[in-house]
Amino acid sequence: MTLLRVEQVCRRFGDHVALQDVRFDVHPGEIVGIIGRSGAGKTTLLRCLSGLERPDSGRIVIEGQDITALPERRLVEIRRRIGLVFQHFNLLQSRSAAGNIALPLEIAGMPKSARAARVADLIDLVGLSGHERKRPSQMSGGQKQRVGIARALAGNPALLLCDEATSALDPETTAAILDLLVDINRRLGLTILLITHEMDVIRRIAHRVVVLDHGRIVEDGPVAALLGGASRHAVTRAFLSEGRPRVPDHVVAQLRDVSFDDAHPVVRATFDPNAAPSPVLSVLSRRFGLDVTILQATAGDIARRPDAEFVLRLSRHDGDALDFIRQASQSMEVLGYVPADC
Ligand SMILES: Nc1ncnc2c1ncn2[C@@H]1O[C@H](COP(=O)(O)OP(=O)(O)OP(=O)(O)O)[C@@H](O)[C@H]1O
């Protein structure tokens, strides 16, 4: 079953094409990240998905309803099925945390007692107990975003659309808000679509990533597969290289694409610590007679699965040894070759 289907969506502003033939599906319970550089069309897509803007052509089908064909009056009902979380929270300064969360319920005409109970549940869900009476000016960025998320969840949406929801937050608060989104996804089975320009956000919580570039989708696939080296597009590779172990500058300066006499291959390999352990480095040394230098290493978290990534320099080119690393690792790529004295 598909919760959201985007079919051949196009949107132009004068001569400028902001979205071109955009198509993807989102299934119930998925966390999908849409990533793109500035001007890629993310905001335009989000505005189309939330019914704030109509595409020039194509269809956007939410729970079987084509929202591009609906009159404004019916669109209001569909918008209730979508919760929106904003980068700058968009809270009413004159209202408390509880008052902000209650607002969509008031607008929907929910009776006062039911409203109070629902708000109390939401405050609890987003971890804001004890802060319900605070005004936005008395809250931290993370607390304000928790209010924003609770308000978006108030109407029991089928889909949560997050527009750069953590871009205004520091790294620690970002991690806490992303943890909250994962928790909500797991506990409520809620489908989440994140719009971001930060690969780290995708890496941490998304199941699938859609890469948008110049208004077109250039990649759509499981996060683990793309991080594992399945990506083909330069824009995706540029995003993926963010936050990965940096190849030392003196190595980059001497890195060549093709092998040469006495060349030392430089290899990037990712290992899953949950997989059966394998003494990779000592096998390379004993079986293949290679010296292995660790140039960089990092331990991370890909879509909640631990991983470890290394940049290694081998003492000589050996096709069988490279095949061995490929088989022993989750993903492996030869970055290039450096001279012996590098
Ligand atoms: N109302 C508009 N009128 C004219 N051009 C627009 C309008 N809205 C967006 N655009 C253009 O469409 C393109 C996509 O813009 P959009 O805001 O969707 O990109 P974005 O990926 O969200 O960028 P950012 O990350 O910088 O917010 C840009 O070139 C932008 O200048």
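Going by the structure above, here's the rest.
Residues numbered from 1 in each chain as written. Predicted model: local features only at pLDDT ≥ 70, side-chain atom pairs only at ≥ 80, totals over all residues. Heavy atoms only, no water.

(A) Spotlight on helix α11 (residues 280-288). Among the residues making up α11, those that are buried are V280, V283, L284 and F288. The arc enclosing the buried residues of α11, seen along the axis, measures out at 100°, which places them on a common side. G289, located one to two residues past α11, shows a positive phi value of around 65°. (Buried < 20%, exposed > 50% of the residue type's maximum accessible area, 1.4 Å probe, protein only. Helix = DSSP H or I, 4+ residues; strand = E, 2+ residues; numbered from the N terminus. Arc of directions from axis to C-beta.)

(B) Molecular detail of unusual backbone geometry. Even without glycine at this site, E164 takes up a positive phi of about 50°. Tracing the sequence through the fold places E164 in the loop between β7 (159-163) and α6 (171-188).

(C) Region of the structure containing the site of the ligand. All residues in the neighbourhood of the ligand are listed as F13, H16, A18, R37, S38, G39, A40, G41, K42, T43 and T44. T43 is positioned with one of its side-chain polar atoms (N or O) 2.6 Å from an oxygen atom of the ligand. When the free accessible area of the ligand is taken as 630 Å², the share hidden by the protein chains comes to 56%. Among the elements of the structure, β2 (16-26) and α1 (42-49) are those that each provide at least two residues to the shell around the ligand. The greatest single-element share of the shell around the ligand, amounting to 3 residues, is contributed by α1. Of the residues that constitute the shell around the ligand, the class distribution is 3 nonpolar, 6 polar and 2 charged. (Near = heavy atom within 4 Å. Polar contact = N/O pair within 3.5 Å; in protein donor to acceptor, adjacent residues only side chain to side chain. Areas by Shrake-Rupley, 256 points an atom, 1.4 Å probe, with all protein chains shown as cover. Nonpolar A, V, L, I, M, F, W, Y, C, P; charged D, E, K, R; others polar.)

(D) Up close: the sheet that holds strand β5 (residues 65-66). Read across the sheet, 4 strands follow the order β2-β1-β4-β5 without closing on themselves; strand pairing throughout is antiparallel. The sheet is open, and its two borders are formed by β2 and β5, each paired with just one other strand. Looking at chain direction, strand β1 (residues 4-13) and strand β4 (residues 57-62) are connected through 5 bridges and run antiparallel. The residue of β4 that forms the bridge with L4 is I62. α1 rests against β1, β2 and β4 of the sheet, and its axis sits at about 60° to β2. (Pairing = 2+ DSSP bridges. Contact = heavy atoms within 4.5 Å. Axes fitted to C-alpha atoms, helices over the stretch in contact; angles between N-to-C directions.)

(E) Examining the sheet that holds β7 more closely. Reading across from one edge, β6-β7-β8-β3-β9-β10 is the order of the 6 strands in this open sheet, with mixed pairing throughout. Looking at strand neighbours, the two that pair on one side only are β6 (82-85) and β10 (216-222), the edges of this open sheet. Taken pair by pair, the neighbouring strands of this sheet meet at an average axis angle of 15°, ignoring direction. Helix-sheet contacts for helix α5 (residues 141-153) involve β6 and β7, and the interaxial angle to β6 is about 170°. Docked against the sheet, α6 engages β3 (31-36), β7 and β8 (191-196), running at close to 155° with respect to β8.

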